[in-house]
Amino acid sequence: MEYLSNGIIEVAISHKGAELQSLKKVKAEHEYIWQGDKTYWNRQAPLLFPIVGNAWNKEIIVDGKAYPIDKHGFLRDMQFSTLRAERLEVTLRASQSNETTVSFPWSFEVDVTYSIRRNVLTQKWIVRNIGNTTMHFQIG
């Protein structure tokens, strides 16, 4: 887990999926992020990649080959590594693996940066195509 705090807001980010777990106003002790309830939905704020929603027949076709892909892709379940962690900003990265190539044949890196300034949280995504062919994707 990564934590950011500036005395005004506090943020917690999980390495699983680089998912925002908590956003609180310090003085008000008010939580802005759904804390999850397995009865209804136990995620907080998942990142969706390489697809948002469902693919037709739960597969994508690339160069005539079918690749099975789950609803919303796989990024939300990947382990991210920490590239940089400071008091007000953290950058996490996930990359293509043997598991991801089963459903997404491209080589990629996804960097997610969270930063806080005053009472504002910013989230920035950078998606890199590491391969030599056009990479089609969605992120949300």
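Now for a description of the structure that goes with this document. (Residues numbered from 1 in each chain as written. Predicted model: local features only at pLDDT ≥ 70, side-chain atom pairs only at ≥ 80, totals over all residues. Heavy atoms only, no water.)

### Observations regarding the sheet that holds strand E4 (residues 30–31)
So, point 1. On the basis of which strands lie adjacent, the open sheet formed by four strands has the order E1-E2-E3-E4 and antiparallel pairing. At either end of the open sheet lies a strand with only one pairing partner, and these are strand E1 (2–5) and E4.
So, point 2. When strand E3 (residues 20–25) meets E4, the two strands line up antiparallel, connected through two bridges. What sits directly across from Lys-25, in E4, is His-30. (Pairing = 2+ DSSP bridges. Helix = DSSP H or I, 4+ residues; strand = E, 2+ residues; numbered from the N terminus.)

### Concerning the nonpolar core
Considering soluble globular proteins, one finds that nonpolar side chains tend to be buried as a cluster.
So, point 1. Counting residues in hydrophobic clusters, the biggest one holds 31 residues, and the most contacted among them are Ile-13, Ile-60, Leu-75, Phe-104 and Phe-108.
So, point 2. Within the residue set of this core, elements represented by two or more residues are strand E2 (9–13), E3, strand E5 (59–62), strand E8 (89–95) and strand E9 (108–117).
So, point 3. A total of five residues in this core trace back to one element, the largest contributor, which is E9.
So, point 4. Here Ile-13 is in contact with Met-1, Glu-2, Leu-4, Ala-18, Glu-19, Leu-20, Gln-21, Val-90, Leu-92 and Tyr-114, once residues within four sequence places are set aside. (Core = buried A, V, L, I, M, F, W, Y, C linked by side-chain atoms within 4.5 Å. Buried < 20%, exposed > 50% of the residue type's maximum accessible area, 1.4 Å probe, protein only. Contact = heavy atoms within 4.5 Å.)

### Looking at the pairing of strand E10 (residues 120–129)
So, point 1. Two strands pair when backbone bridges link them, and E9 and E10 are joined in this way by ten bridges, in the antiparallel orientation. When the bridges of E10 are listed, Glu-109 appears paired with Arg-128.
So, point 2. Connecting E9 to the antiparallel partner E10 that follows it, the hairpin turn spans two residues, and Arg-118 within it adopts a positive phi of roughly 55°.

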